[in-house]
Amino acid sequence: MSPRRSEKGKPLLPLKVTGTGSFLPEKRLTNDELAQFLDTSDEWIRTRTGIRTRHILSPEEIPATMGIRAAQRALTRAKRSPEDLDLLLVATNVPEEPIPGTAPHIALGLGMGKGAFADVSAGCAGFLYALAMAGAMLHAGMAETALVLGTEALSRFVNWQDRATCVLFGDGAGAVVLEKGQGASGILGVALRGDATKLGLLRIEAGGVRLPASSETVRAGKHFLQMEGKGLFRAAVGMMAEATRAALNQASLSLAEVDWLIPHQANLRIIEALVKRLRIPEGKVVVNIDRVANTSTASIPIALDELVQGGKVESGQILALTAFGAGACYGTVILRW
Ligand code: ACO
């Protein structure tokens, strides 16, 4: 199917982002601290990934508590209350519990009222999938005020003895409030994609229907995140570049018209290769992986919130948000602020 193109100057899905918010747990874990119990070093982690430190959830916190804090910040900035929300979409990879997932916990903690809420699972691209779904629902008149958030605590699912995975991830949450719009701002282009032949590159094998939890699955370490880092690295740049070109094409925009590129923060070398491939000037690229590591579905909304709170985003600017992850789901959303 060839997508409907945005007429120049007219959003495909009109909306306004009226508030952004994020939350990072207080506890930080530096590379040097990791090197105290793992066979690794600050030098290896920094040069291979760009990560210096990451935030880790305390035992008392859960993804919902992070999501609620990020949502409250976004709602305050949007001058909205939780009762105003008629849609909450929560992008997350590992739900609070198998049933009922994370969104109801966040809706309850926020005091959301009667609106719709659901989890969206699409790997690290989940936030972009949820953003596009919320934009389409606003446009279709199915909602007027939506909150889209990503919250992730992969620190609870990595094997802290596996240096190839545990050094890469951090915990956090990020949120945006979206409101129905009529002006020039909104989603101009969307390219959501997947390559299911790559679903084995990143997975937690046990704990679902296919391989229910048993003493055997626990002994075999099948509840930990497993990743083929090299395979993901090779696929990531091509996926994000292709989706970004497609979404810009739908928006009738060129790469030169992008004011800010916000890529999923999985590895600084992946971001650098993407930027080189797209020939986007470094000054337009948002990078915070050194401080937060890979926060999966929370990565883009955290980076977006930092950019907005830093006073860097101006009305009318073009933002390209792009991500890849488990599934392998990937995609790009082009926003006019
Ligand atoms: N410290 C020291 N050495 C390490 C570490 C570590 N933390 N981790 C791996 N090594 C070793 C390996 O054991 C290997 O040793 P060997 O040569 O003796 O076997 C050596 O370093 C090289 O390992 P490689 O895997 O070749 O290292 P590479 O340069 O590919 O970097 C990395 C690994 C960082 C995982 C990289 O492949 C990567 O970033 N891949 C993409 C990962 C990604 O994007 N994941 C998330 C996507 S989805 C989501 O966001 C949820």
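Structure: above.
The sections below set out a description of the structure shown in this document. Bear in mind the structure is a predicted one, so any value in this text is a computation, not a measurement. (Residues numbered from 1 in each chain as written. Predicted model: local features only at pLDDT ≥ 70, side-chain atom pairs only at ≥ 80, totals over all residues. Heavy atoms only, no water.)

Here's the deal with the sheet that holds strand 11 (residues 260-263)
For step 1, the next point in the chain: Spatially, the nine strands line up as an open sheet ordered 5-4-6-7-1-8-13-12-11, and their pairing is mixed. The open sheet has two edge strands with one neighbour each: strand 5 (116-120) and strand 11. Sheet twist, expressed as the mean angle between neighbouring strand axes with direction ignored, is 25°.
For step 2, the next point in the chain: Bridge count between strand 1 (residues 13-23) and strand 8 (residues 186-194): two bridges; the pairing is antiparallel. What sits directly across from Leu13, in strand 8, is Ile187. (Pairing = 2+ DSSP bridges. Helix = DSSP H or I, 4+ residues; strand = E, 2+ residues; numbered from the N terminus. Axes fitted to C-alpha atoms, helices over the stretch in contact; angles between N-to-C directions.)

Points about the nonpolar core
For step 1, the next point in the chain: Val167, Leu253, Leu261, Leu274, Phe324 and Ile334 are the most contacted members of the largest nonpolar core, which has 49 residues in total.
For step 2, the next point in the chain: Looking at this core, the elements with two or more residues in it are strand 8, helix 8 (229-250), helix 9 (268-278), strand 12 (318-324) and strand 13 (329-336).
For step 3, the next point in the chain: In terms of residue count, the dominant contributor to this core is helix 8 (10 residues).
For step 4, the next point in the chain: Among the nonpolar cores identified, the runner-up in size contains 40 residues, and Val17, Phe127, Leu128 and Leu321 belong to it. (Core = buried A, V, L, I, M, F, W, Y, C linked by side-chain atoms within 4.5 Å. Buried < 20%, exposed > 50% of the residue type's maximum accessible area, 1.4 Å probe, protein only.)

Describing the site of the ligand
For step 1, the next point in the chain: Around the ligand sit 25 residues, and of these Thr40, Cys124, Lys230, Asn267 and Asn294 come closest.
For step 2, the next point in the chain: Trp44 is positioned with one of its side-chain polar atoms (N or O) 3.4 Å from a nitrogen atom of the ligand.
For step 3, the next point in the chain: Take His264: an N or O atom from its side chain is 2.8 Å from an oxygen atom of the ligand.
For step 4, the next point in the chain: In the complex, the protein chains occlude 76% of the 1,000 Å² of accessible area that the ligand would expose alone.
For step 5, the next point in the chain: Broken down by element, the shell around the ligand gets its largest block of residues, four residues, from helix 8. (Near = heavy atom within 4 Å. Polar contact = N/O pair within 3.5 Å; in protein donor to acceptor, adjacent residues only side chain to side chain. Areas by Shrake-Rupley, 256 points an atom, 1.4 Å probe, with all protein chains shown as cover.)

Focus: the pattern of salt bridges
For step 1, the next point in the chain: Taken as a whole, this structure holds 10 salt bridges when the rule is applied.
For step 2, the next point in the chain: Residues Arg163 and Asp39 are paired through a salt bridge, measuring 3.4 Å at the closest nitrogen-oxygen approach. In this pair, Arg163 is assigned in helix 6 (residues 163-166) and Asp39 in the loop between helix 1 (31-34) and helix 2 (42-49), connecting sequence segments 124 residues apart. (Salt bridge = Lys/Arg side-chain N within 4 Å of Asp/Glu carboxyl O.)

Looking at helix 9
Since the α-helix packs 3.6 residues into each turn, any two residues three or four apart lie on the same face.
For step 1, the next point in the chain: When helix 9 is considered as a whole, its buried residues turn out to be Ile270, Ile271, Leu274, Val275 and Leu278. The arc enclosing the buried residues of helix 9, seen along the axis, measures out at 130°, which places them on a common side.
For step 2, the next point in the chain: Turning to helix 9, the residues buried within the fold contact helix 8, strand 11 and strand 12.
For step 3, the next point in the chain: Two or three places before Arg269, at the opening of helix 9, Asn267 has a side-chain oxygen 2.7 Å from that residue's backbone nitrogen.
For step 4, the next point in the chain: One or two positions beyond helix 9, positive phi appears at Arg279, with a value near 55°. (Arc of directions from axis to C-beta. Contact = heavy atoms within 4.5 Å.)

By themselves these figures say nothing about function.
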